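Survey of secondary and tertiary structure
Take a look at the letters that make up each chain.
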Amino acid sequence: MTNTVWTLTLCLLALAALLVLRRRAPVAFWWLVGYPFVALRVLTTYRATMDACGLTVPASAVRRATARMIGREAAPVPPRRSLPWPTGSGLVMRLRMATGQAPEDFMASADRLRHAWAAHAVHIRPTKPGWLELRLIGWDVLSDVQPARRWKQRGPLTLPLALRDDGRWHVRDFRAVPHELILGATQSGKSVYLRNLVCGLARQRVVLVGVDCKWGVELAPFAPRLSALADTPDRANELLDVLLEEMEARFRLIGLSSAAGPDAVLTSDVWGLPDEVRPVPVVVVVDEVAELFLAASRDDEKRRDAMVTKLIRIAQLGRAAGIYLEVCGQRFGSELGKGATMLRAQLTGRICHRVNDESSANMALADISPEAALAATSIPAERPGVAIVGDSSGGWSRARSPHLSLDEAAAICRDTAALVPELPRLDSFRPAVAVESSKTLTPAGVPTARPVTE
């Protein structure tokens, strides 16, 4: 009797430990318990599951003839597969499609495969003609997102910003997607995504330019790392003029390098220039774009139309000059001006958090995928930080950025203040941050950051 009690007690303790491990350390629980059970289930039920989901093909003539000779019926043939290899969030298999099958057939059955194998999600994507990658996710990876670890730097201006629901990181590569639109309502997680972006760029040799027409309240904490900050529409209009001058000067530099002689290396952008003459990349962060374009009078309308035109010019030509745009806002619609739709077309990267109206979701994602716009409107309010990530190729996925507090982001910008590159044209817009020896804040509760006037 005593042995039975001890056995039951140990079993209960082991079960409780597994439950705690699953809640506190899901990755460790997956490697110890989840992967062996799920992999065994996939291997033992693979043929039956594929047949039930309609993903098999009839047996070949040779197999049918052989089966008739021994008095049996040839079973349908499932796609050939590799072994289920574990990943940090699930497992992955390679599938070889049979003749007549298409990737759309497998994508349409992803939800049925998820239920058959008791997985959190199943993602299928084509890798090369005839081959698919089936990625099974063991648990909700977006419930608690931690910063990327052991990230291998792929090059300048490349940042892992959000974890996607398939276990991979959404990587912001400015050289591949030069301009981006970020939308999200209040408390949707848009500011956290922006903090991760600014802090990731702050550690690199990049000129950071901020445009925040809410008197700088959003971007003022990052002032030590900013090369320029405009906190009013008039100031922003002047800053855009300076950025256009800088862009024209860079194009002249590219032209001069191409005409240097017959031995010169021809290039059409700044990344083809030699390192010693290559200009520093510039990233322009426009926060609350609606505030930038508000117009209460005819003069405001003229200024708004001029700023939209300048932003469109930067978006169309800035990539070759190494000038990139990050446009953020709570909403983005045609009421912002006649050039808003044209500007949206240049912002090929799209991040849409929870929004207050369906028109903003359509403005951000409808031209990429109607399903993506529908998914953006169904993001729950209790999951801040969850967003729909889309690109011009039509692909989209859910993602969530790791939490980064404002204090932590401001500390990173203070620590990297020495990395601010020199760009003389922006000196008059450089924010002046007062160094308080007593470590006390101003009555407003935030450090002051105002543009330096001449």
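Residues numbered from 1 in each chain as written. Predicted model: local features only at pLDDT ≥ 70, side-chain atom pairs only at ≥ 80, totals over all residues. Heavy atoms only, no water.

**Here's the deal with a nonpolar patch on the surface**
Operational definition: Within this analysis, patches are made of residues with over 30% relative accessible area and no salt bridge. Like charges are joined at 9 Å or less; nonpolar side chains (Val, Leu, Ile, Met, Phe, Trp, Tyr) at 5 Å or less. Accessible surface area values rest on a Shrake-Rupley calculation with a 1.4 Å probe, where residue burial reflects the displayed protein chains alone. When a carboxyl oxygen of Asp or Glu is within 4 Å of a side-chain nitrogen of Lys or Arg, the pair counts as a salt bridge. Helix and strand assignments follow DSSP, with helices taken as H or I runs no shorter than four residues and strands as E runs no shorter than two, numbered in order from the N terminus.
A cluster of nonpolar side chains, contributed by Trp6, Leu10 and Leu13, occupies part of the molecular surface with about 370 Å² of accessible area. Turning to its location among the elements, Leu13 is positioned in helix H1 (residues 2–24).

**Let's talk about the UniProt feature "binding site: ATP" (unreviewed entry) in the protein chain**
Rule in force here: UniProt positions are given in the numbering used here, feature names are shortened, and annotations may be inferred rather than shown by experiment. In what follows, residue pairs with any heavy atoms lying within 4.5 Å of each other are defined as contacts. For each residue, the accessible area found with a 1.4 Å probe, counting protein chains only, is set against the maximum for its type, and the residue is called buried under 20%, exposed over 50%, and partly exposed in between.
On the UniProt side, "binding site: ATP" (unreviewed entry) is annotated at positions that read Gly184, Ala185, Thr186, Gln187, Ser188, Gly189, Lys190 and Ser191 here. Looking at the secondary structure, you find Thr186 in the loop between strand E8 (180–183) and helix H6 (190–202). The contact partners of Thr186, leaving out residues within four places of it in the chain, are Gln330 and Arg354. Within the secondary structure layout, Ser191 lies in helix H6. A residue is classified by how much of its surface remains accessible, and Ser191, at 25% relative accessible area, is partly exposed.

**Comments concerning the packing of aromatic side chains**
Operational definition: Aromatic contacts are taken between Phe, Tyr and Trp rings whose centres are within 6.5 Å, Trp giving its six-membered ring; a plane angle under 30 degrees counts as stacked, one over 60 as edge-to-face, and the others as tilted. Definition used: whenever NZ (Lys) or CZ (Arg) falls within 6 Å of the ring centre and also within 35 degrees of the ring normal, the charge is taken to sit over that ring.
By the definition in use, this model includes three aromatic pairs. Taking the centre distance of 6.4 Å and the plane angle of 50° together, the rings of Trp30 and Trp139 count as tilted. One end of the pair, Trp30, is in helix H2 (residues 26–52); the other, Trp139, is in the loop between strand E5 (131–137) and strand E6 (158–164), and 109 residues separate them in sequence. Each member of the pair, Trp30 as well as Trp139, carries the same accessibility label: buried. A network of ring pairs unites the aromatic residues Trp30, Tyr35 and Trp139 as a single cluster. One residue, Arg172, lies across the ring of Phe174, its end atom 4.0 Å from the ring centre. Just above the ring of Trp271 sits the side chain of Arg175; from NZ or CZ to the centre is 4.2 Å.

**Quick notes on the environment of Val283**
The residue Val283 is located in strand E11 (residues 282–287) in this model. Once the C-alpha coordinates of Val283 and Gly318 are considered, the two residues, 35 residues apart in sequence, prove to be 10.0 Å apart. Excluding residues within four positions of it along the chain, Val283 makes contact with Leu157, Phe174, Leu201, Val206, Val207, Leu208, Val209, Tyr324 and Glu326.

**Notes on unusual backbone geometry**
Backbone geometry places Leu157, a non-glycine residue, at a positive phi of 60°. By relative accessible area, which is 1% here, Leu157 ends up buried. A positive phi angle, close to 50°, is found at Glu288, a residue other than glycine. Mapped onto the secondary structure, Glu288 falls in the loop between E11 and helix H8 (289–293).

**As for helix H12 (residues 370–377)**
Think of an α-helix as 3.6 residues a turn; residues three or four steps apart then line up on the same face. Put simply, the rule is: The arc in question is traced by the directions running from the helix axis to the C-beta atoms.
By the burial criterion, the buried members of H12 are Ala372, Ala373, Ala375 and Ala376. Buried residues of H12, viewed axially, fall in a sector of 160°; they line one side. Turned more than 90 degrees away from the buried face of H12, the exposed residues are Pro370 and Leu374. Summarising the contacts, the buried residues of H12 are in contact with strand E13 (349–352), helix H11 (358–365), strand E14 (386–390) and strand E15 (396–400).

**Focus: the pairing of strand E12 (residues 323–329)**
Quick reminder of the rule: When DSSP locates at least two bridges between a pair of strands, those strands are taken to pair.
Among the seven residues of E12, seven are classified as buried, and the element is accordingly described as predominantly covered. Bridge analysis of E11 against E12 gives five bridges, and the strand direction is parallel. By the bridge assignment for E12, Val286 is matched with Val327.

**Overview of the side chain of Asp166**
To keep it simple, the criterion reads: Whenever a nitrogen or oxygen atom comes within 3.5 Å of another N or O atom, the pair is scored as a polar contact, on the condition that within protein one atom can donate a hydrogen and the other can accept it, and that pairs from neighbouring residues in sequence are kept only if both atoms are in side chains.
Mapped onto the secondary structure, Asp166 falls in the loop between E6 and strand E7 (169–173). A relative accessible area of 10% places Asp166 in the buried class. Within the local environment of Asp166, its side chain forms a polar contact with the side chain of Arg164, the two groups lying 3.0 Å apart. In terms of polar contacts, Asp166 uses its side chain to reach the backbone amide nitrogen of Arg168, at 3.2 Å. Those residues in contact with Asp166 that lie beyond four places of it in its chain are Ser89, His123, Arg135 and Ile137.

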